[in-house]
Amino acid sequence: MKNKIYINGRFLTQNLGGVQRFAYEISKNFVDISKKEVVVLIPKSQSILKCYKYKFVLHEIGFNKGHFWEQFDLVNFLKKNGNPLLINLTNSCPIFYSNQISTIHDLSIYNKKNWHSFLYKLFYKMIIPKMIRCSHKILTVSEFSKKEIINKFNLLDDDVKVINNAISLSKTGNKNIKSDSYILFVGASSSRKNLFNAIEAFNKIKDRNVRFKIVGLANRYRRLIENNKKIDVYNQINDNELSSLYLNAELLIFPSFYEGFGIPPIEAMYFGCPVIVSNLEVFKELYQKAAIYIDPHNVDQMKNSMIEILDNKSLRKDLINEGFIQSEKFSWKKSSKSLIDTINKL
């Protein structure tokens, strides 16, 4: 049992969002390069979603679903099998188990803005302090998030380990030289992604033949987009289609009010797509000179930055070159090796 490590695989029953992407990619690479026996535990009563292509050693346990499975069935199995090390890669863990490493991606629930439902915030405000107390180490995805977690919970620097997100797409998309000129937005429909201001900024561009393509659920903005013939929305696309959108875009706009990391900008850089992002501390940490930074509340500044990238070929070239350099710093294999080092030091 000493060389066996278990991964909390509940994420395999959830839709593939940013948090689940982190768990999925870290698990895949961790299994490939770890010298230990790695088993991914999943609920027996739930199916793995088709979006996950895996080579894991899986073990189905318990009879509950969701949080009940995680808090009771998972703990019961682990305690019956010698209390082995458990790795949790999403924002939760079994709070009645102590031999584990857990992940907190960000502290957006503590922000005063209403980005999450009342029950969602209540649950995670209850569980996060308990996660910290019952885990050997907390993982997070950026130095910014690490600093927030340390300050919020009065932790030591060594209590929190940064393991970055990375790029999951491969350069298999199609470069279409006849493609329409378009600005790209990739993100969920949460108001903290600031799609409203991005659409407002785009609508102010009157003298350019350019479209706006939105990848994500934009239902809450239906009134803004339903009569706009220059806006396209893609709710469900595969990785190859997303790669093609990055390859052919004039730029990516990612004006979030808050992020713990932000994967789309680093993906865009990988495909040679210039990026405009909010002037957040976390983005300056991750993207450095490879992006244009704007005030996410300033629609005119957003619009002007879009026009500047559309018109200035020299600026585009500089951003593309810096983006290639920056995107090479992130890889799932490197992040998984960092997790292995963390485990070996326990």
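Quick note: structure is the one above.
Remember, predicted model here, so these are calculated numbers, not experimental data.

Draft legend 1. Layout of the overall build of the protein chain. Scanning the protein chain from terminus to terminus reveals twelve helices and 13 strands. Against the compact-globule benchmark of 20 Å for 346 residues, the protein chain has a radius of gyration of 21 Å, which places it among compact chains. Each principal axis of the C-alpha atoms in the protein chain carries an extent, and together these give about 70 × 40 × 40 Å. Sorting the 346 residues of the protein chain into buried and exposed places 55% on the buried side. Considering only intrachain contacts with a sequence separation of at least 6, the fraction spanning at least 24 residues in the protein chain is 64%. With an accessible surface of roughly 16700 Å², the protein chain has 48% of that area assigned to carbon and sulfur atoms. Charge centroids of the protein chain, computed over 51 positive and 32 negative side chains, lie 4 Å from each other.

Draft legend 2. Examining the state of the cysteines more closely. Under the defined criterion, the tally for this structure stands at zero disulfides. With no disulfide partner, Cys134 has as its closest neighbouring cysteine sulfur the one in Cys93, 3.9 Å distant.

Draft legend 3. Focus on a nonpolar patch on the surface. A contiguous nonpolar surface patch, about 370 Å² in accessible area, is contributed by Phe68, Phe72 and Phe96. Within the secondary structure, Phe72 sits in helix α2 (residues 66-80).

Draft legend 4. A look at the sheet that holds strand β5 (residues 100-103). Read across the sheet, seven strands follow the order β3-β2-β1-β4-β5-β6-β7 without closing on themselves; strand pairing throughout is parallel. Edge positions in the open sheet fall to β3 (58-61) and β7 (160-162), since each of these has one partner strand only. In this sheet, neighbouring strand axes are inclined to one another by 30° on average, regardless of whether the strands run parallel or antiparallel. Note: strand β2 (residues 37-43) against β3, four bridges, orientation parallel. Residue pairing in the sheet places Leu41 in a bridge with His59 of β3. The sheet contacts of α2 involve β1 (4-8), β2, β3 and β4 (85-87), and relative to β2 the element is tilted by about 140°.

Draft legend 5. Layout of the sheet that holds strand β10 (residues 231-234). Pairing is parallel in the open sheet, where six strands are placed in the order β10-β9-β8-β11-β12-β13. The sheet terminates laterally at β10 and β13 (292-294), the two strands that pair on one side only. Pairs of neighbouring strands in the sheet enclose a mean axial angle of 25°, with direction left out of account. With respect to the sheet, helix α7 (residues 239-248) is in contact with β8 (182-186), β9 (211-215), β10 and β11 (251-254), its orientation differing from that of β8 by roughly 135°.

Draft legend 6. View of the nonpolar core. Counting 76 residues, the largest nonpolar core has Ile87, Ile128, Leu184, Tyr246 and Leu252 as its most contacted members. Of all hydrophobic cores here, the second largest spans 26 residues; its members include Val210, Ile214, Ile276 and Leu310.

Draft legend 7. Main features of the pairing of β9. With respect to burial, β9 is a largely interior element, five of its five residues being buried. Judged by which residues are buried, β9 turns out to be covered on both faces: Arg211, Lys213 and Val215 on one side and Phe212 and Ile214 on the other are all buried. When β8 meets β9, the two strands line up parallel, connected through five bridges. When the sheet's bridge partners are listed, Phe185 is paired in β9 with Ile214. Crossover handedness for the path β8 to helix α5 (residues 195-203) to β9: right-handed. Bridge analysis of β9 against β10 gives four bridges, and the strand direction is parallel. Across the sheet, the residue bridging to Ile214 is Val233, located in β10.

Draft legend 8. The environment of Ile101, seen in detail. Structurally, Ile101 can be placed in strand β5. It is 8.4 Å that separates the C-alpha atoms of Ile101 and Ile343, two residues lying 242 residues apart in sequence. If we skip the residues at most four places from it in the chain, Ile101 touches Leu85, Leu86, Ile87, Asn88, Lys137, Leu139, Thr342, Ile343 and Leu346.

Draft legend 9. Expanded view of the packing of helix α1 (residues 18-33) against helix α12 (residues 332-344). Viewed as axis vectors pointing N to C, α1 and α12 meet at an angle of 70°, and their least axial separation amounts to 8 Å. In terms of their interaxial angle, α1 and α12 are classed as roughly perpendicular. Where α1 abuts α12, its residues Arg21, Phe22, Glu25, Ile26, Asn29, Phe30 and Ile33 lie against Trp332, Lys333, Ser335, Ser336, Lys337, Leu339, Ile340 and Ile343. Taken together, the residues of the contact of α1 with α12 break down into eight nonpolar, three polar and four charged.

Draft legend 10. How the structure looks around the packing of α5 against helix α10 (residues 299-311). Where α5 contacts α10, the two axes come as close as 8 Å, and the packing angle between them is 60°. Viewed along their axes, α5 and α10 adopt a mutual orientation that is oblique. The hand of the α5/α10 crossing is right-handed. Counting all contacts with α5, which are made through Asn197, Ala198, Glu200, Ala201 and Phe202, the residues of α10 involved are Val299, Met302, Lys303 and Met306. Here the contact of α5 with α10 is composed, by residue class, of six nonpolar, one polar and two charged.

Draft legend 11. Expanded view of the packing of aromatic side chains. Evaluated as defined, the whole model comprises 17 aromatic pairs. With a centroid separation of 5.9 Å and an interplanar angle of 35°, the aromatic rings of Trp115 and Tyr258 are classed as tilted. Linking Trp115 in the loop between β5 and α3 (118-133) with Tyr258 in the loop between β11 and α8 (263-270), this pair joins segments that are 143 residues apart in sequence. Three or more aromatic residues joined by ring pairs make a cluster, and in this case those are Phe11, Tyr24 and Tyr52. Note that Lys28 overlies the ring of Tyr24, its terminal NZ or CZ placed 4.4 Å from the centroid. Directly above the ring of Tyr182 sits Lys213, whose terminal nitrogen or CZ lies 5.1 Å from the centroid.

Parameters and conventions
Residues numbered from 1 in each chain as written. Predicted model: local features only at pLDDT ≥ 70, side-chain atom pairs only at ≥ 80, totals over all residues. Heavy atoms only, no water. Helix = DSSP H or I, 4+ residues; strand = E, 2+ residues; numbered from the N terminus. Rg over C-alpha atoms; globule rule 2.2 N^0.38 Å. Buried < 20%, exposed > 50% of the residue type's maximum accessible area, 1.4 Å probe, protein only. Contact = heavy atoms within 4.5 Å. Areas by Shrake-Rupley, 256 points an atom, 1.4 Å probe, with all protein chains shown as cover. Lys, Arg positive; Asp, Glu negative; His and termini not counted. Charge placed at Lys NZ, Arg CZ, Asp CG, Glu CD. Disulfide = S-S within 2.5 Å. Patch = residues over 30% accessible without salt bridge, like charges linked within 9 Å, V, L, I, M, F, W, Y side chains within 5 Å. Salt bridge = Lys/Arg side-chain N within 4 Å of Asp/Glu carboxyl O. Pairing = 2+ DSSP bridges. Axes fitted to C-alpha atoms, helices over the stretch in contact; angles between N-to-C directions. Core = buried A, V, L, I, M, F, W, Y, C linked by side-chain atoms within 4.5 Å. Right-handed = clockwise from strand over helix to strand, strands pointing away. Parallel < 35°, antiparallel > 145°, perpendicular 65-115°, else oblique. Nonpolar A, V, L, I, M, F, W, Y, C, P; charged D, E, K, R; others polar. Left-handed = near helix turned anticlockwise from the far one by under 90°. Phe/Tyr/Trp six-rings, centres within 6.5 Å; stacked < 30°, edge-to-face > 60°. Lys NZ or Arg CZ within 6 Å of the ring centre and 35° of its normal.

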